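Topology and contacts: notes
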Amino acid sequence: MMMLTKKMIEIRSLLQTVGQSDTLTLPSIVVIGSQSSGKSSVLEAIVGHEFLPKGSNMVTRRPIELTLVNTPEAHAEYGEFPALGLGKITDFSQIQRTLTDLNLAVPAAECVTDDPIQLRIYSPNVPDLSLIDLPGYIQVTGRDQPAELKEKIAELCERYIKPPNVILAISAADVDLANSTALRASRKVDPRGERTIGVITKMDLVDPERGASLLNDKKYALRLGYVGVVCRVPQAIGTGKLFNRGNGNIANAIAKNENAYFSSHPVEFGPESETDVGTKNLRKKLMHVLEQTMAASLKTTSEAIQRELAEATYEFKVQYNDRPLSAESYLAESLDAFKHSFKGFTEHFGRAEVRELLKHELDQQVLNLLAQRYWNRPFEDLSQPLHEPNPLSELPKADPENTIWQVKLDSSSASLTKLGIGRLATSVVASALQAHIDRLISTSRFAAHPFARQTITEASTSILRDLSYDISDELEICIKPYKYRIEVDDNEWAKGRENVANVLKEELKVCEAAAKNLETQVGGRKKIKDVMGFIDRVRSGQVVLEGNGQGGAGGFSSALLHKGREAVFLRDRVDVLKMRLLAVKSKQCANRKNKYHCPEIFLDAVADKLTTTADLFLDAELLSKFYYVFPRELDARLGRGLSQTEVERFAREDPKIRRHLDVVRRKDLLEHVLKEMEALRQLEAREKRYSSRS
Ligand code: GDP
């Protein structure tokens, strides 16, 4: 018959994973007793280990759903907290600490809660049993405990001792049974004593005659009877230490002690009444009663499961159109969709796009060089205090006869080639790729999954970082020849002339727009003109400022002055740009022989050459490699690389998916449990036939 209980307990655990529900469960044995009645000692004697929290300050604050699993083939004894994922715990004092921590985690104000702790113990020495240990009843509320604690514990116990659960009511022999809180509570819900087992502990503390009479109590007669036990762990003589502390099994020591007591009083506890006493008999009784009770509940539980299943099936059909879903399939689909969109991106981001990016970057560098080395009329310098006179001077004129101008062009072009194009170009393209990946993520399903987002971003950054490291050095080597000598032919000159004219025009537009913007900010053309006029007068020394003008000057606030100086800067820049545009378009600049007149055209042609080398190289080295490695890295990190729990966690991040998964899971689980129940009923029928034959 033992197989049956094991199976039923398995089903009970399965049902627990479906969710807490009163009807959707199989009965268990609920252990109640007042504090110090010896409740923990009884449970520990059954398990054979000390594992329950000890201490004066009421340590059981949550019910403990204790599942004992007999493992006849195994040697090892261990416990598991399925909800915590701590794995197998072979050290029972570790289990004890964990239980204490879990109990102490309940806020003091709450004191008790009905959220159960699940603990499974596997051992060749335990019977298959399902027990629920509840907080002990208290008589008087301690000073640091809330006044309603007594009622709270009583209510919690009452909730658990409902039928069809079996009640294990613990009372100590040295306390009058009429005063036993456990028996009183039990009598309230089981007045005819049909599903209560009475346990009388501390039999050694009363004289044997009285002890024996307790077991035959007639005031509250129990169909399942009373069992007397002596469960105290014997002390090691002399040392004062508890016997066999540590990880050894204490069951034998208790049994020996218990046997010694009962057999030394054969008259009272003679062999004929041996089923009434001893932990061993208690275990047997518990197994038998639990099996009977569970078997009797199979039908109603199975009906309840069928009802739940019908509901889940209906929901699945109506809400989700019977669409199957698992965390794995969801992840696989999402990953495929993402890789597909990435593929689409790679088809539109190639050498031409890289070229455009790089050219734009180098155009900016050319503009900067020109501003620094050529057309650098001392502009309004916003970093200097306003009171420094900064007289307007003429823009330097191109003077190609002067060797200074020749040196200038050579050094400018060298600055460009020695800029560190390798690193610059690689990082520009790598950040563009990263930005595109970010955009792809935010328009994908992964957008709602912080974990996946991070994983994908990390994958692309790490690949790009690794590739960039080598590529920037290699690219630098490719452009090395340009560092020594650059020839520009007619074609290249013409192209450069056209391009740089566009760049200057663009820059002009940007400056004009910024100036316009400033004008609106300060509140109109007249106002900005006034401030600019004032600043010009300061710069030319017509007006001398007291102090540095920080608190405002000339009737203008300091903020307004600041804006005015920005406007002056922009105006000067616009002047320069216009002048250079004219120069570039001039006849003189049409001929590459006049390169010293038109440095911008020459520099543009240089930038163009650099770009051509870089885009070719980056297309081959960075893009193709990234396009090849990235999808594979995604597979590794999000596909194969994830554990079942991680996949599950990922899918459940999206609330819509979580609900869908829950329904599917519930349905599958219920179907599975129902199948198991069916097998169980067949097993039960078989065993019945077998036992009636024998
Ligand atoms: P709980 O508060 O109901 O869990 O009670 P415990 O199991 O912690 O026991 C309370 C006290 O009674 C402890 O000091 C135990 O050692 C002691 N005790 C438990 N069972 C027996 C027993 O059968 N005989 C004797 N003499 N003492 C016992």
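Here's what I pulled together on the structure shown here. (Residues numbered from 1 in each chain as written. Predicted model: local features only at pLDDT ≥ 70, side-chain atom pairs only at ≥ 80, totals over all residues. Heavy atoms only, no water.)

1. Notes on the site of the ligand
Taken together, 14 residues form the shell around the ligand, and within it S36, K39, S40, S41 and C231 come nearest. In the environment of the ligand, an oxygen atom lies 2.5 Å from a nitrogen or oxygen atom belonging to the side chain of S41. Coverage of the ligand by the protein chains reaches 75% of its 570 Å² of free accessible surface. When its residues are assigned to classes, the shell around the ligand shows three nonpolar, seven polar and four charged. (Near = heavy atom within 4 Å. Polar contact = N/O pair within 3.5 Å; in protein donor to acceptor, adjacent residues only side chain to side chain. Areas by Shrake-Rupley, 256 points an atom, 1.4 Å probe, with all protein chains shown as cover. Nonpolar A, V, L, I, M, F, W, Y, C, P; charged D, E, K, R; others polar.)

2. A short note on a negative patch on the surface
On the surface, D466, D470, D473 and E474 cluster together to form a negatively charged patch. Locating D470 in the fold gives a position in helix α13 (residues 450-478). By relative accessible area, which is 44% here, D470 ends up partly exposed. (Patch = residues over 30% accessible without salt bridge, like charges linked within 9 Å, V, L, I, M, F, W, Y side chains within 5 Å. Salt bridge = Lys/Arg side-chain N within 4 Å of Asp/Glu carboxyl O. Lys, Arg positive; Asp, Glu negative; His and termini not counted. Charge placed at Lys NZ, Arg CZ, Asp CG, Glu CD. Helix = DSSP H or I, 4+ residues; strand = E, 2+ residues; numbered from the N terminus. Buried < 20%, exposed > 50% of the residue type's maximum accessible area, 1.4 Å probe, protein only.)

3. A few points about the pattern of salt bridges
Considering all chains together, one arrives at 39 salt bridges under this definition. For D115, the salt bridge identified is with R62, shortest N-O distance 3.1 Å. In this pair, D115 sits in the loop between α3 (92-104) and β4 (117-123) while R62 sits in the loop between α2 (39-47) and β2 (64-70), placing the two residues 53 residues apart along the sequence. With a relative accessible area of 43%, D115 lands in the partly exposed category. We classify R62 as buried; its relative accessible area is 13%. Put simply, E519 and K516 hold a salt bridge, and the shortest N to O gap is 3.4 Å. Here E519 pairs with K516, and both are found in helix α14 (residues 490-522), just three residues apart, close to one helical turn.

4. Overview of α2
Among the nine residues that make up α2, seven are buried, leaving the element largely enclosed by the rest of the structure. Inspection of α2 places K39, V42, L43, E44, A45, I46 and V47 among the buried residues, and these make up the whole buried set. Positive backbone phi, at 90°, marks G48, one or two positions downstream of α2.

5. Topic: the state of the cysteines
Taken as a whole and judged by the stated rule, the model has one disulfide. Across a sulfur-sulfur distance of 1.8 Å, C589 and C598 are joined as a disulfide pair. Around the S-S axis, the bridge from C589 to C598 shows a dihedral of about -105° and counts as left-handed. We note that C589, like C598, is buried. (Disulfide = S-S within 2.5 Å.)

6. Focus on the side chain of R120
By the element assignment, R120 lies in strand β4. Buried within the structure, R120 lacks any salt-bridge partner; its nearest side chain of opposite charge belongs to E80, at an N-O separation of 4.9 Å. Of note is the side chain of R120, whose polar atom sits 2.7 Å from the side chain of S13. Filtering out sequence-adjacent residues up to four positions away, R120 remains in contact with S13, T67, V69, Y78, G79, E80 and P82. (Contact = heavy atoms within 4.5 Å.)

7. A few points about the pairing of strand β7 (residues 196-201)
The element β7 is largely enclosed, with a buried count of six among its six residues. With helix α5 (residues 181-189) bridging strand β6 (residues 166-172) and the parallel β7, this β-α-β connection has right-handed handedness. Handedness of the crossover joining β7 and strand β8 (residues 226-228) through helix α6 (residues 208-214) is recorded here as right-handed. (Right-handed = clockwise from strand over helix to strand, strands pointing away.)

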